[in-house]
Structure formats: structure tokens, C-alpha cells
Protein chains: 2
Amino acid sequence: MGDLERLVMEQLWAASTALTVREVHERLAGTRELAYTTVMTVLDRLAKKKLTERERDGKAWRYRAAAPREELAADLMRDALDRAGDRREALVRFVGQVSDEEAALLREALSRLDGQERTG
Amino acid sequence: MGDLERLVMEQLWAASTALTVREVHERLAGTRELAYTTVMTVLDRLAKKKLTERERDGKAWRYRAAAPREELAADLMRDALDRAGDRREALVRFVGQVSDEEAALLREALSRLDGQERTG
DNA sequence: AACATCTACTACGAAACGTCGTAGATGATT
DNA sequence: AATCATCTACGACGTTTCGTAGTAGATGTT
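Residues numbered from 1 in each chain as written. Chains lettered and ligands numbered in written order. Predicted model: local features only at pLDDT ≥ 70, side-chain atom pairs only at ≥ 80, totals over all residues. Heavy atoms only, no water.

An unreviewed UniProt entry annotates chain A as Transcriptional regulator originating from Kribbella rubisoli.

Written out as C-alpha cells, the structure reads:
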């Protein structure tokens with residue numbers, strides 16, 4: 001994902017509803033002066049990459065993020081982990097790099113797994 | 001990192017010592033038929049991206065990975081986490097996606113932190 | 001001097017991206 | 001119906017990254 005693409009995704013994630021091209025364009029106006037069609041192209045490319053989905057709303061399309069921002073982040077973390085040779089080592093390094101707060105969140109998330117023992 | 005770049009990095013990670021362009025080229029011979037200069041270019045680009053470092057060895061350069069594979073993986077995990085809006089949520093999703101074995105490794109890595117309470 | 005080996009520099013095509021313009025369809029307005 | 005506003009579809013062009021490699025020139029070897 002390029003920078004502009006990320007910026008656009010952030011608008012979608014920040015919005016509670018699906019947005020039209022025009023809406024995204026407006027929300028970006030403060031940050032970046034872009035042609036309407038530029039936003040359209042980016043949204044379209046994101047859709048082709050399955051990062052956004054779109055539905056009709058009258059004449060226009062409404063786009064929304066295909067997945068929550070946190071899910072994408074989790075997926076990317078997985079991808080990164082998959083590329084490590086030694087997972088244990090990678091996880092140790094990752095954990096060693098994380099802040100205290102994040103470590104606590106991780107423990108919490110792990111303990112949440114205990115009860116349900118992978119029932120999905 | 002592109003595919004070829006990754007392939008080359010893998011050679012460096014697999015080797016115990018720094019490798020010359022020729023050595024990388026030879027090790028890749030089974031997998032990919034590449035011109036010697038292609039390997040040279042890739043190695044050079046990787047060096048510019050700080051993914052490899054090089055040192056003189058007579059007339060030739062010897063390249064080695066700037067960081068262990070697992071460290072790069074951990075860094076990428078961090079980057080991914082940093083791009084999540086809600087870290088807690090991202091970590092929960094990440095943990096939920098991980099295999100039982102990986103969860104165990106994570107717990108292990110976290111407990112290892114307990115004793116040293118971030119003394120670095 | 002001739003040959004082998006390396007690096008440096010250059011190059012070129014493909015793909016991803018940032019950035020838009022134009023054309024044409026459709027709906028609203030006069 | 002003619003006009004205007006709003007959208008989309010499609011194409012386009014420059015830049016960067018990457019895969020791929022050739023050529024020139026330096027240097028060491030025979």
C-alpha cells in the first residue's frame with residue numbers, strides 16, 4: 001500500500017459508514033489537494049486489491065474498508081512472522097521490542113485464549 | 001523487498017559467513033539462472049536499503065545480512081502493530097490468529113520478560 | 001601482454017503508485 | 001427538451017521499485 005492509499009484507507013476506517021468518492025475527497029481536502037478523479041482511482045485500485053468493498057448508492061458507489069484496521073495489522077503481523085525462519089526467535093525479539101503496556105496487552109489477549117481453547 | 005531480493009537475503013541468512021557476489025550467485029544457481037551482474041545489482045540495492053552490509057575482501061566485496069532474519073521479522077511485526085489504530089484490538093486479533101504452538105511460544109517469550117523487567 | 005575476475009555505471013522493461021483529464025451516462029432543473 | 005451537475009469508466013503519463021543484464025574499466029594472475 002502506498003502512502004496515498006493508506007491515507008484513503010484511514011478515512012474509511014475513521015468513518016462509521018461507507019463513503020462516496022466525494023466524501024473521501026472532502027475529508028482529505030484539509031490534508032491534501034487532490035483531484036476528485038485521483039481519489040476515485042485510488043479507491044478503485046484499493047477495491048481491486050480487496051482492501052475496500054463498494055456498494056451502489058443511487059448513481060454513486062459507496063466504499064468501505066473490507067476489514068477493520070486492526071485486522072489488517074494483525075494479518076501483516078502474521079505475514080511478518082511467517083517470513084521468519086525461527087518463529088520462537090522472532091517472537092522473542094518482537095516481545096523484547098514491545099513496550100511494557102503492549103506486553104501487558106499481549107498477556108491479556110493470550111489469557112483470553114485460555115478459556116476458549118481454540119473453539120473456532 | 002521483492003521476491004528476488006528476498007531470495008538473495010535468504011542465502012545470506014543461511015550462510016554462516018559473509019558471501020561474495022560469486023558465492024551468492026553460485027548458491028542460487030540451482031534455483032534461478034541469473035547473470036552474475038544481476039546478483040551484484042540486487043546485493044547492491046539491498047545494501048543501499050541497509051538490509052545488507054559489505055566489507056572488502058581483496059578485490060571483492062563480501063555481503064552479509066545487516067540483521068538476523070528474525071529481527072527483520074520482529075521489526076515488520078512492530079511496523080504492522082504501529083499502523084493499527086487500537087493496539088489492544090490488533091493484538092487480540094493477532095493472538096487469535098496464531099496457532100496453539102505459536103501462542104505457547106509467545107507466552108514463553110513474555111514470561112522471559114518477567115524476570116528482567118525491561119532493564120535495557 | 002593476455003586473461004580472468006571484480007566493481008561501477010548504465011539501461012530497459014514491468015508493475016505499482018500518484019495524479020489527472022476526457023468522455024459519456026444519468027438525474028435534476030429550468 | 002435543452003442545460004447543468006454529478007458520477008463513473010477508461011486511459012494516460014511521470015516516478016519509483018524491482019528483475020535482469022550489458023559494457024567498460026580496474027586489478028590481479030600467468
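Draft legend 1. Focus on the environment of B:Arg83. If you trace the backbone, B:Arg83 turns up in the loop between α4 (69-82) and α5 (87-97). Under the relative-accessibility criterion, B:Arg83 is labelled partly exposed at 34%. Those residues within four positions of B:Arg83 in sequence are excluded, and the remaining contacts are A:Arg6, A:Arg69 and A:Leu76. (Helix = DSSP H or I, 4+ residues; strand = E, 2+ residues; numbered from the N terminus. Buried < 20%, exposed > 50% of the residue type's maximum accessible area, 1.4 Å probe, protein only. Contact = heavy atoms within 4.5 Å.)

Draft legend 2. Structural context of the sheet that holds strand β2 (residues 52-57) of chain A. All names here are of chain A. Strand order in this open sheet of three strands is β1-β3-β2, and the pairing throughout is antiparallel. Every other strand in the sheet has two partners, leaving β1 (19-20) and β2 as the edge strands with one partner each. Across six bridges, the pairing between β2 and strand β3 (residues 60-65) is antiparallel. Pairing of Thr-52 across the sheet is with Ala-65, part of β3. Lying over the sheet, helix α3 (residues 36-48) contacts β2 and β3, oriented at roughly 115° with respect to β2. (Pairing = 2+ DSSP bridges. Axes fitted to C-alpha atoms, helices over the stretch in contact; angles between N-to-C directions.)

Draft legend 3. Examining the protein's contact with DNA strand C more closely. For DNA strand C, the set of nearby residues contains 25 residues, the closest of which are A:Thr41, A:Arg45, A:Lys49, B:Arg22 and B:Lys59. Considering the 4 Å shell around the protein, atoms of DNA strand C inside it are sugar or phosphate in 60% of instances. Note that a phosphate oxygen of DNA strand C is positioned 3.2 Å from one of the side-chain N or O atoms of A:Thr38. A distance of 2.8 Å is found between a phosphate oxygen of DNA strand C and a side-chain nitrogen or oxygen belonging to B:Tyr36. Breaking the surface near DNA strand C down by element, the ones donating at least two residues are α1 (3-14) and α3 of chain A together with α2 (21-28), α3 (36-48), β2 (52-57) and β3 (60-65) of chain B. Among the elements that line the surface near DNA strand C, the one with the most residues is α3(A), at five residues. Residues belonging to the surface near DNA strand C are distributed by class as follows: 10 nonpolar, four polar and 11 charged. (Near = heavy atom within 4 Å. Polar contact = N/O pair within 3.5 Å; in protein donor to acceptor, adjacent residues only side chain to side chain. Nonpolar A, V, L, I, M, F, W, Y, C, P; charged D, E, K, R; others polar.)

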